[in-house]
Amino acid sequence: MKIYTKKGDTGDTQLIGKRVRKTNERVEAYGTLDELNSFIGLAVASLQDEKMEDLVKDLQKIQHELFDLGGDLANVSKKTDEEWAIKEDYVPYLEKRIDIYTEELTPFRAFILPGGSTAAANLHVCRTVARRGERNILRINDEYEIPPAAVKYLNRLSDFFFTAARTVNERYGKEDILYKRNS
């Protein structure tokens, strides 16, 4: 099977149930999730040591969930709650993992800049791309049917990445970089 089909050469792409321009907001939304998934892969590649096995497992689970959500966004046919691939129970799982990782961390009283370790910086990139994905989905929400759990999931996912980045720095003995207002 060839990887190229030449069907997109005119600037169109196929959703499930409809052909649209590649600039379509729905395509932008699931494209952002694909970008996020790639950045998660980069983060996973930078976390290959025993200290991070639990985090890597969580990140790989999230990669599969993002494929579920991307598939939902690529489907223009009306769906019932039971037909969506992204599920409400993905959200409490993220909350549970955030709580577990937070137990390892010292409380913070300032904004934290992306950085510390390379892996933590990668996870901060994931956080910001997840936020963009959330905004993209909200942008299409009025026009298209989207999974009820989608916005909640992406909102919690960005919180997960923030906590994961801090956890990585903690486990590697790197300090979070605290924001200091310029005077």
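**Topic: the overall build of the chain**
Working step 1: Each helix and strand counted, the chain has five helices and four strands in total.
Working step 2: Start at the N end of the chain and walk to the C end: the helices and strands fall as β-β-α-α-α-β-α-α-β.
Working step 3: C-alpha extents for the chain along the principal axes are approximately 50 × 40 × 35 Å.
Working step 4: Scored against the burial criterion, the 183 residues of the chain give a buried share of 43%.
Working step 5: Taking the intrachain contacts of the chain between residues at least 6 apart in sequence as the baseline, contacts between residues at least 24 apart amount to 76%.
Working step 6: Carbon together with sulfur atoms contributes 52% to the accessible area of the chain, which is approximately 10,700 Å² in total.
Working step 7: Here the chain contributes 29 positively and 31 negatively charged side chains, and the mean placements of these two sets differ by 5 Å.

**Quick word on a nonpolar patch on the surface**
Working step 1: A cluster of nonpolar residues, Phe 111, Leu 113, Ile 177 and Tyr 179, forms a patch on the protein surface that exposes about 400 Å² of accessible area.
Working step 2: With respect to the secondary-structure elements, Leu 113 resides in strand β3 (residues 112–113).

**Topic: helix α3 (residues 90–102)**
Working step 1: Across its 13 residues, α3 extends 18 Å between first and last C-alpha, which sits within 8% of the 18 Å expected from 1.5 Å per residue.
Working step 2: Three or more residues of α3 are buried, namely Tyr 90, Val 91, Leu 94, Arg 97, Ile 98 and Tyr 101. Down the axis, α3 shows its buried residues gathered within 125 degrees of arc, on one side only.
Working step 3: Tucked into the core, α3 has its buried residues touching α2 (53–73) and α5 (150–172).

Reading guide: rules and limits
- Residues numbered from 1 in each chain as written.
- Predicted model: local features only at pLDDT ≥ 70, side-chain atom pairs only at ≥ 80, totals over all residues.
- Heavy atoms only, no water.
- Helix = DSSP H or I, 4+ residues; strand = E, 2+ residues; numbered from the N terminus.
- Buried < 20%, exposed > 50% of the residue type's maximum accessible area, 1.4 Å probe, protein only.
- Contact = heavy atoms within 4.5 Å.
- Areas by Shrake-Rupley, 256 points an atom, 1.4 Å probe, with all protein chains shown as cover.
- Lys, Arg positive; Asp, Glu negative; His and termini not counted.
- Charge placed at Lys NZ, Arg CZ, Asp CG, Glu CD.
- Patch = residues over 30% accessible without salt bridge, like charges linked within 9 Å, V, L, I, M, F, W, Y side chains within 5 Å.
- Salt bridge = Lys/Arg side-chain N within 4 Å of Asp/Glu carboxyl O.
- Expected span 1.5 Å × (residues − 1).
- Arc of directions from axis to C-beta.

Everything listed here is a matter of coordinates, which is why it stays silent on function.
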